[in-house]
Amino acid sequence: MDTVINWITGAVVYGTVLAAPALGETINEKTGHLNLGVPGIMYLAGFVSYYLVKLYTVAGGTNSFLIAIIALLAGLAVGALFGLIYSVMCVTFKANQNVVGLAIASFGVGFGKFFSTMFDVGNESLSDAGLLFNSGIPTLKELPYVGDLLFGYGFMTYVMLVLLVLIFVFFRKTRVGLSLRAVGESPASADAAGINVTRYKYLGTIVGCGLCGWGGTIYVFQFSSGNWGTNNNMEAIGWLAIALVIFATWNSLNILWCAPLFGFLYWAFTYLPSLVDLTFFSGMTQILQMLPYILTVLILIFNSLRRKRETQPPAAMGLSYFREER
């Protein structure tokens, strides 16, 4: 029973890390932009969050609220800056979205590793910040079994839960959300209806990339408990978040269950061998870690065969908009 509970709680924490960049990428793609720079945004945002919190604690800062604010604002700011750069290149100058996204991915990861070496970060652990991001709901988390499953997670798990629901409502019930969707489906029609396509594309991309930056912050402080030295998996999570958007069919509400499911499948290599006494699983770590990707490919094939509009990507995703051609 303890193994199952640990598996589920680990899946939820892993899903929290995935949910932030997946939600950000969903917003990007809803506005017509396939941003492949998620891994780089996460990596550099995670490093900046970690380093600024480290400077604050080294200077003697102990205020938990300020630690959380510094970490989250740093991740959001780095992500938004990348979103602005991406928007200038792809919206204003009509550069190829795939090339710009891959350049951001390489730049973010490369500079994140460079800065961590230059500032000699190493394997230092900000354990107090890690405890802050992993402290569950007091009293309720002490309940047997239910406490661990429902109330034992860090505050960002519950923040992401609320955000996923709010963004779902935002895209369906608000004027700005409907305008963003229109820009992603048919920018020419949106332009003809009086919607400022450029402004909305900038807005969606900057906000979406800001949430991707949060993914790096959550990874460092919640998933890794404030230890920068365990960031080797951050790039993989960035790519997995892009796959998760496809799996969730561009629906933020679906991320609520898709992200923990990805986490559940990812941790299969750790917990499955102890539940099923088969030596067959002992040498299959890499294969078991491929399960989320395999499932995404199967879902993509299934949705393509169904050909239902609600399971397809935004019609104008990946395409530059030239107003003179409408």
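I will try to describe carefully the structure that is included in this document. (Residues numbered from 1 in each chain as written. Predicted model: local features only at pLDDT ≥ 70, side-chain atom pairs only at ≥ 80, totals over all residues. Heavy atoms only, no water.)

1. Brief notes about helix α12 (residues 252–266)
- Its 15 residues give α12 an end-to-end C-alpha distance of 21 Å, which sits within 8% of 21 Å, the value for a rise of 1.5 Å per residue.
- Of all the bends in α12, the greatest, near 30°, is centred on cysteine 258, and the proline proline 260 appears no more than four residues after it.
- Where α12 is concerned, the buried positions are Ser252, Ile255, Cys258, Ala259, Phe262, Gly263, Leu265 and Tyr266. (Helix = DSSP H or I, 4+ residues; strand = E, 2+ residues; numbered from the N terminus. Expected span 1.5 Å × (residues − 1). Bend = angle between axes of the 7 residues up to and from the residue. Buried < 20%, exposed > 50% of the residue type's maximum accessible area, 1.4 Å probe, protein only.)

2. A closer look at the nonpolar core
- Counting residues in each nonpolar core, the largest one holds 80 residues, and the members touching the most others are Leu18, Phe221, Trp228, Leu244 and Ile255.
- Top contributing element to this core by residue count: helix α2 (residues 38–58), with 11 residues.
- With near-sequence residues (within four places) excluded, isoleucine 255 lies in contact with Ala19, Ala22, Leu23, Thr26, Leu164, Leu244, Ala248 and Pro260. (Core = buried A, V, L, I, M, F, W, Y, C linked by side-chain atoms within 4.5 Å. Contact = heavy atoms within 4.5 Å.)

3. Digging into unusual backbone geometry
- The residue serine 225 is not glycine, and still its phi comes out positive at about 55°.
- Residue placement: serine 225 occurs in the loop between α10 (197–223) and α11 (234–247).
- On the accessibility criterion, serine 225 (36% relative accessible area) is partly exposed.
- The backbone of tryptophan 250 sits at a positive phi, close to 60°, despite the residue not being glycine.
- Within the element layout of this structure, tryptophan 250 appears in the loop between α11 and α12.

4. A word on empty space enclosed by the protein
- Applying the stated criterion across every chain yields a total of 1 cavity of 30 Å³ or more.
- If you add up the space inside the largest cavity, you get close to 60 Å³.
- Along its surface, the largest cavity is lined by His33, Cys90, Val91, Lys94, Gln97, Val197, Thr198, Lys201, Leu319, Ser320 and Tyr321.
- Sorting the residues of the lining of the largest cavity by element identifies α3 (64–92) and α10 as the ones contributing at least two each.
- For the lining of the largest cavity, the element with the most residues is α10, which contributes 3 residues.
- Its residues assigned to classes, the lining of the largest cavity comprises 5 nonpolar, 4 polar and 2 charged. (1 Å grid on protein atoms, 1.4 Å probe; cavity = no way out; pocket = protein on both sides within 12 Å on 5 of 7 lines; lining within 4 Å. Points joined across faces, edges and corners; volume = space filled by probe spheres on them. Nonpolar A, V, L, I, M, F, W, Y, C, P; charged D, E, K, R; others polar.)

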